[in-house]
Amino acid sequence: MTDTTSSAALSGNVLFYGKPEPLSVEVHGTLGVDPVEKPYGFVAQTNLVPLTVTEFAPAALSYPVIFIGDARMPVAVMALRGGENLFVSETGEFRAEAYIPAYVRRYPFVFANDDAQKRLILCVDRDAPFIREGGATPMFVDGKPSPYVEQAMEFCNNFELERQRTDAFVKLLTELDLLDTREAMFTPRNPDGTAAAPQKIAEYYAVSEDKLKALPAEKLAELRDNGALGQIYAHLVSLLGWDRLIALAFQRAAAAQPAGGNA
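Residues numbered from 1 in each chain as written. Predicted model: local features only at pLDDT ≥ 70, side-chain atom pairs only at ≥ 80, totals over all residues. Heavy atoms only, no water.

Attention shifts here to the overall build of the protein. The helix and strand inventory of the protein stands at 8 helices and 14 strands. Its C-alpha atoms put the protein at 70 × 60 × 30 Å along the principal axes. Taken over 263 residues, the protein has a buried fraction of 42%. Counting contacts in the protein only where the partners sit at least 6 residues apart, residues at least 24 apart contribute 71% of the total. (Helix = DSSP H or I, 4+ residues; strand = E, 2+ residues; numbered from the N terminus. Buried < 20%, exposed > 50% of the residue type's maximum accessible area, 1.4 Å probe, protein only. Contact = heavy atoms within 4.5 Å.)

Put into structure tokens, the structure is as follows:
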């Protein structure tokens, strides 16, 4: 079982988690989790959510899957600008057809690094609104982690393995020099219906199809056999989703217009 020592020194900041604490029976023994009908309100103000590589195919049906930052982290793009999410309502409900990333589903639990002991510690976000004293589903039963916590620990363990697999995938793309800078563009319409000047809505990293085609046949076969090629193509197909994001942004803007207002 993963350690839950409350005195450990933790490192790193994690998206969504306001007050992550190492889970322990001494501190959290009387806490429980209440059922929430629409539990994803914490995602509503975030437009980029990290993905693991095995999620590329299901995520591609909903979002552009891109790589960002110096670490070339893969993320799902859920809106065209920060501070909003076109797939999650303010009340915390995902669109029915949208894929929910594992990064979101593991909340309010997360592993944190204990650098001193070189181990991972299961933490819980004490700021999660559905965690409270005497909540319906207890965190601990008879001084031991409840089945709910055991299931969360298993999920976080699996997520950690997928995260490591994702790091290896990104390292492979980097070593093969397959990632290039790309721009997502939008061409608005003038009042008379003609095309206006194109606008850049995002800059990101994506696999270059030209570089991919230029790889030696044996390297392509290697990517095919280890499953990386399928993930690459899922990523490339997902980039068609920028048009869907633009359409959803216009739809939300129109819905926000006062009755009788101009679009």
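Past the structure itself, the notes keep going.
To continue, consider the packing of helix H4 (residues 147–175) against helix H7 (residues 228–238). The geometry of H4 relative to H7 is characterised by a closest axis approach of 12 Å and an angle of 85° between their N-to-C directions. Viewed along their axes, H4 and H7 adopt a mutual orientation that is roughly perpendicular. Contact with H4, carried on its side by Phe 169, Leu 172 and Leu 173, involves Ala 228, Gln 231 and Ile 232 of H7 and no other residues of that element. Residues of the contact of H4 with H7, tallied by class, amount to 5 nonpolar, 1 polar and no charged. (Axes fitted to C-alpha atoms, helices over the stretch in contact; angles between N-to-C directions. Parallel < 35°, antiparallel > 145°, perpendicular 65-115°, else oblique. Nonpolar A, V, L, I, M, F, W, Y, C, P; charged D, E, K, R; others polar.)

With that settled, consider the layout of surface pockets. In this model, the second largest pocket occupies a volume close to 430 Å³. As for the second largest pocket, its lining consists of 20 residues, and the residues nearest its centre are Arg 105, Arg 106, Tyr 107, Pro 108 and Tyr 148. Elements with a contribution of two residues or more to the lining of the second largest pocket: helix H3 (102–105) and H4. Examining the composition of the lining of the second largest pocket, we find that 5 residues originate from one element, H4, more than from any other. Its residues assigned to classes, the lining of the second largest pocket comprises 14 nonpolar, 2 polar and 4 charged. (1 Å grid on protein atoms, 1.4 Å probe; cavity = no way out; pocket = protein on both sides within 12 Å on 5 of 7 lines; lining within 4 Å. Points joined across faces, edges and corners; volume = space filled by probe spheres on them.)

Our focus in this paragraph is the environment of Glu 97. Mapped onto the elements, Glu 97 comes out in the loop between strand S6 (73–77) and H3. Between the C-alpha atoms of Glu 97 and Phe 87, which are 10 residues apart in sequence, the distance is 9.2 Å. Side-chain polar atoms of Glu 97 contact the side chain of Arg 95, separated by 2.9 Å. (Polar contact = N/O pair within 3.5 Å; in protein donor to acceptor, adjacent residues only side chain to side chain.)

Bringing the sheet that holds strand S9 (residues 131–133) into the picture now. Spatially, 3 strands are ordered S9-S3-S10 in an open sheet, and the strand pairing comes out antiparallel. A single partner strand is all that each edge strand has here, and the edge strands are S9 and strand S10 (137–138). Sheet topology note: the strand S3 (residues 31–33)/S10 ladder contains 2 bridges and is antiparallel. Considered in S10, the bridge of Val 33 is made with Thr 137. (Pairing = 2+ DSSP bridges.)

Okay, the pattern of salt bridges next. Using the criterion set out here, one finds 15 salt bridges in the structure. Arg 163 serves as the salt-bridge partner of Asp 167, at 2.9 Å between the closest nitrogen and oxygen. Separated by 4 residues within a single helix, Asp 167 and Arg 163 lie in helix H4, roughly one turn from each other. Among the residues examined, Asp 167 registers a relative accessible area of 43% and is labelled partly exposed. (Salt bridge = Lys/Arg side-chain N within 4 Å of Asp/Glu carboxyl O.)

Its 15 residues place the ends of helix H8 (residues 242–256) 21 Å apart at the C-alpha level, agreeing with the 21 Å of an ideal helix rising 1.5 Å per residue. Residues of H8 that are buried include every one of Trp 242, Leu 245, Ile 246 and Leu 248, and no others. Buried residues along H8 cover an arc of 165° about the axis, so they all sit on one side. With respect to the buried face of H8, the exposed residues turned more than 90 degrees away are Asp 243, Phe 250 and Ala 255. Lining the buried residues of H8 we find strand S5 (65–68), S6, strand S13 (179–186) and strand S14 (199–207). (Expected span 1.5 Å × (residues − 1). Arc of directions from axis to C-beta.)

A few words on the packing of aromatic side chains. Evaluation of the coordinates by the stated rule reveals 14 aromatic pairs. Both rings, one in Phe 56 and one in Phe 67, keep their centres 6.1 Å apart while their planes meet at 70°; by these two values the pair is edge-to-face. Of this pair, Phe 56 sits in helix H2 (residues 56–60) while Phe 67 sits in strand S5, placing them 11 residues apart in sequence. In this pair, the class of Phe 56 matches that of Phe 67, namely buried. Between Phe 56 and Phe 169, the aromatic rings sit 5.7 Å apart at their centres with planes inclined by 85°, giving edge-to-face as the arrangement. Separated by 113 residues along the polypeptide, Phe 56 in helix H2 and Phe 169 in helix H4 bring together distant segments of the chain. Members of the aromatic cluster, connected to one another through ring pairs, are Phe 16, Tyr 17, Tyr 40, Phe 42, Phe 94, Tyr 103, Tyr 107, Phe 130 and Phe 159. When the ring centre of Tyr 103 is taken as reference, the NZ or CZ atom of Arg 106 above it lies at 4.5 Å. Between the NZ or CZ atom of Arg 106 and the centre of the ring of Phe 159, over which it lies, the distance is 4.4 Å. (Phe/Tyr/Trp six-rings, centres within 6.5 Å; stacked < 30°, edge-to-face > 60°. Lys NZ or Arg CZ within 6 Å of the ring centre and 35° of its normal.)

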